[in-house]
Amino acid sequence: MTVSEQAPRATADDAAPRAGVRRSLAALVGLLAAAVALGVAELVAAVVGPASSPVVAVGDAAITLTPEPVKAFAIRTFGENDKIALIAGTLLVIALYALLVGLVGLRNRVLGIAGIALFGAVGVVAAVTRPSAGVGNGLPALVGTLAGVIALMALLAPLQSRTAASPAPAEEGPAPVPSEGGLAGRLRDVLGAGDRKGAGMDRRRFFLTSGVAAGVAVVAGGGGRLLQRRFDVAGDRDDLVLPRPASPAPALPRGADLARDVEGLTPLLTPNRDFYRVDTAIAVPQIRPADYRLTMTGKFDSPRTYTLQDLLDRDDVIERDITLTCVSNEVGGKLAGTARWLGVPLGALLRENGVRSDSDQLVCTSQDGMTIGAPTRSALEVEDAMLAFGMNGEPLPVEHGFPVRMLIPGLYGYVSACKWLTRIEATTFDAFDPYWVERDWAAQAPIKVFSRIDTPAPLRAFPAGRRPIAGVAWAQTRGIARVEVKVDDEDWVEAELSPEVDADLWRQWVLTYDFPAGQHAVAVRATSADGETQTDERARPFPNGASGWHSIQVIAR
C-alpha cells in the first residue's frame, strides 16, 4: 500500500483529536477576548474614574441585587474580605461565560459576537445605573466591548483557516491566491472567514495572535490600574492638618488597658489598620479635601453647604473615644472596634441650620450614593454624636470615610455611621426608606448589651491550671456595670473590669480561673449601667442585631 493510499485513513483518524484541540483553543479564545475587553475597559476607566470599571460596576450591582441571607453568609464566611471574594466570584463567572462564548463563536461567529456584546451591555447598564453615576460611566464597558469583539474575530480566524499551519503532503494544484497586503487586507481576511466545517487550523498564526491579545490585555489592564492611581487621595490626606480639639477626650486612667498584661485580649483602642470595615463600596470613594462639600437639605430653616475647611475651622471641635459596632456582628464576632475620634458635634451643626421639629430621620448620603437613615432625635440628644474627620490622631483613613463621616454612639453603623458623607437631608421615616431599610433591616437599631470572650481561644488546648479568661463588653451611651463568667455548671462569677472612661467606650474584663484537665464550657454575660442584663436568647443579626451569650468550648491538659 502506498503512502498516498494511507493518507486518507490518517486524516480520518486524526479528525476527532483535531476537533478537540480546536474546541480547546476556541475556549481559550473566549478567555483572551474577555481579557482584552476588561483590560481596555480598565484603561478607559483611568480617564472616566475607577468606579466606572465594569468589574467594579458589576460587583456593585451584584451587592445591590444579592438577597440579604446571601450577604449575611458572605460576611460571616469572608468577614472583611467579602469584597475580595465578590470580585473573585465575578471574575470566575466572567471566565466561565467567556469560555462558552469562545466555543459558540467557533461554530457561529455572529453568535460569538452577540455573546461579547451581551457581556458588554451588562457592564454598561451596571455602570450607568449606579446611584452616583453619569452617562460617561458606561464608556469603559462600551469601548471594552468593541475591543473584545475585534479580539474575538482576530483570534477565531486562524482556527477557521483554509490552510493548516503544517500542511500534510497534498496533490499539486493551483497556488493559493494571496490576500491583499496591509491592515485592510488582513481585516477583510478575518471578516470574510466563514464558519467552515472541516477547515484547517493555522496554528502559528493563532499563537502569534494570542500572544498579541494577551499582551494587549496585560498592558491595557495593568496600565489602566496604574493610571487610576491619579484619583488616589492618600497624598492629600497625608497633607491635611487636623485642628486641636476644644474639648479633648478624657485621659485614660493608669492601667486602663488590661491588654498589656493579658495575652490575647483586645486592646482598649483599635489601631486604624486593624479596625473592621463593612460597607458596600468596592471602589473606595476618593474625595479631595479641596473639593469636599457637605450639603444640608430638607427640613431645615436655613440650610447651608460646608467645605472641609469650614468644619476644621470651627471652635467646637471635640475628641472622644467611641466604640463602633456593625449590625452584622455575630455573637462572639469581631466586627466592633474603638478609636479616638475627632470631629464637629452633630447636634450643634443641626441646630445652627434650624432643623425642624417635624423631622424624625436624617438621610445621610455618601459620595458613592449609599443612603443611611439616622434618627434625628439621637443625632440631637446623644452628646458625642459627631461628624468625624480624625481617627486615632490622624485624618480618617480613606477606607473609613475620608474626609468626613458620621458617628452616633449607641446605634449600629448602618443607621448612624455614614462614610464619605456629602449630604444630610432632614426628612421623616415615612417619607423615605434608606438603602438597608429597603432591604428589610430595622429602621431604628439601638445597640444591644454585648460581651465577647477573647481568650482562651475555643477548642485550642492549653496546660491545666490557673489562666485568665478575658474579653470585652459594650453598651454604648449606657456603659457596662458588670461582667459575669460561667464555667461548666458552676455559678456565675463576677469578672474584674478595666477602669471606666466613658459610657461610649467598651470595657475589658478578666477573670483568673483554675482549669482542671478536661474539656470545659465557658460563657459570659454583661449588665449595662442602667441595669439591663444581656439576654441568653439567641438571635441572628438580621434585622436589628444579634443577641445571646457568647460561649466556647476549651480544652485543658
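### Structural notes on helix H3 (residues 68-78)
Then step 1. Residues Glu68, Lys71 and Ile75 constitute the buried set of H3. Viewed along the axis of H3, the buried residues span an arc of 60°, placing them on a single side of the element.
Then step 2. Of the residues trailing H3, glycine 79 is marked for its positive phi of about 60°.

### Considering the sheet that holds strand E18 (residues 518-528)
Then step 1. Taken together, the five strands give an open sheet; going across it, the order is E12-E19-E18-E14-E15, and neighbouring strands pair in mixed fashion. Edge positions in the sheet fall to strand E12 (461-462) and strand E15 (493-494), since each of these pairs with one other strand and no more.
Then step 2. As defined by bridge partners, strand E14 (residues 480-487) adjoins E18 across seven bridges and the pair is classed as antiparallel. Within E18, the position partnered with valine 483 by the bridge is alanine 526.

### Notes on the side chain of serine 416
Then step 1. With respect to the helices and strands, the residue serine 416 is situated in the loop between strand E9 (405-407) and strand E10 (421-427).
Then step 2. Among the residues examined, serine 416 registers a relative accessible area of 2% and is labelled buried.
Then step 3. Looking at serine 416, its side chain comes within polar contact range of the main-chain oxygen of leucine 411, at 3.3 Å.
Then step 4. Only 2.9 Å separates the side chain of serine 416 from the backbone oxygen of tyrosine 412, close enough to count as a polar contact.
Then step 5. Not counting residues up to four positions away in its chain, the partners in contact with serine 416 are Ile372, Met406, Leu407, Ile408 and Leu411.

### Considerations on the nonpolar core
Looking at soluble globular proteins, one finds that nonpolar side chains tend to be buried together.
Then step 1. Ranked by size, the top nonpolar core spans 78 residues in total, and within it Trp341 and Ile424 carry the most contacts.
Then step 2. Among all residues touching isoleucine 424, those that are not within four sequence positions of it are Leu294, Thr295, Met296, Thr297, Phe300, Leu346, Leu362, Val363, Cys364, Leu387 and Met406.
Then step 3. Leu25, Ala26, Val40 and Met201 belong to the second largest nonpolar core, which has 24 residues in total.

### Details of the sheet that holds strand E13 (residues 465-474)
Then step 1. The four strands are arranged E11-E13-E17-E16 in an open sheet whose pairing can be described as antiparallel. Edge strands, defined here as strands with exactly one partner in the open sheet, are strand E11 (450-455) and strand E16 (496-497).

### Considering the side chain of threonine 376
Then step 1. Of note, threonine 376 is situated in helix H12 (residues 376-381).
Then step 2. Of note is the side chain of threonine 376, whose polar atom sits 2.9 Å from the backbone nitrogen of glutamine 361.
Then step 3. When neighbours within four sequence positions are excluded, threonine 376 is seen to be in contact with Val355, Ser359, Asp360, Gln361 and Leu362.

### What about a nonpolar patch on the surface?
Then step 1. Taken together, the side chains of Val47, Val48, Leu139 and Leu142 present a nonpolar region at the surface, about 340 Å² in accessible area.
Then step 2. Of all the secondary structure elements, the ones that give two or more residues to the nonpolar patch are helix H1 (3-48) and helix H6 (139-156).
Then step 3. Mapped onto the elements of the fold, leucine 139 is located in helix H6.
Then step 4. Classification of leucine 139 as partly exposed rests on a relative accessible area of 40%.

Thresholds, definitions, all that
- Residues numbered from 1 in each chain as written.
- Predicted model: local features only at pLDDT ≥ 70, side-chain atom pairs only at ≥ 80, totals over all residues.
- Heavy atoms only, no water.
- Buried < 20%, exposed > 50% of the residue type's maximum accessible area, 1.4 Å probe, protein only.
- Helix = DSSP H or I, 4+ residues; strand = E, 2+ residues; numbered from the N terminus.
- Arc of directions from axis to C-beta.
- Pairing = 2+ DSSP bridges.
- Polar contact = N/O pair within 3.5 Å; in protein donor to acceptor, adjacent residues only side chain to side chain.
- Contact = heavy atoms within 4.5 Å.
- Core = buried A, V, L, I, M, F, W, Y, C linked by side-chain atoms within 4.5 Å.
- Patch = residues over 30% accessible without salt bridge, like charges linked within 9 Å, V, L, I, M, F, W, Y side chains within 5 Å.
- Areas by Shrake-Rupley, 256 points an atom, 1.4 Å probe, with all protein chains shown as cover.
- Salt bridge = Lys/Arg side-chain N within 4 Å of Asp/Glu carboxyl O.

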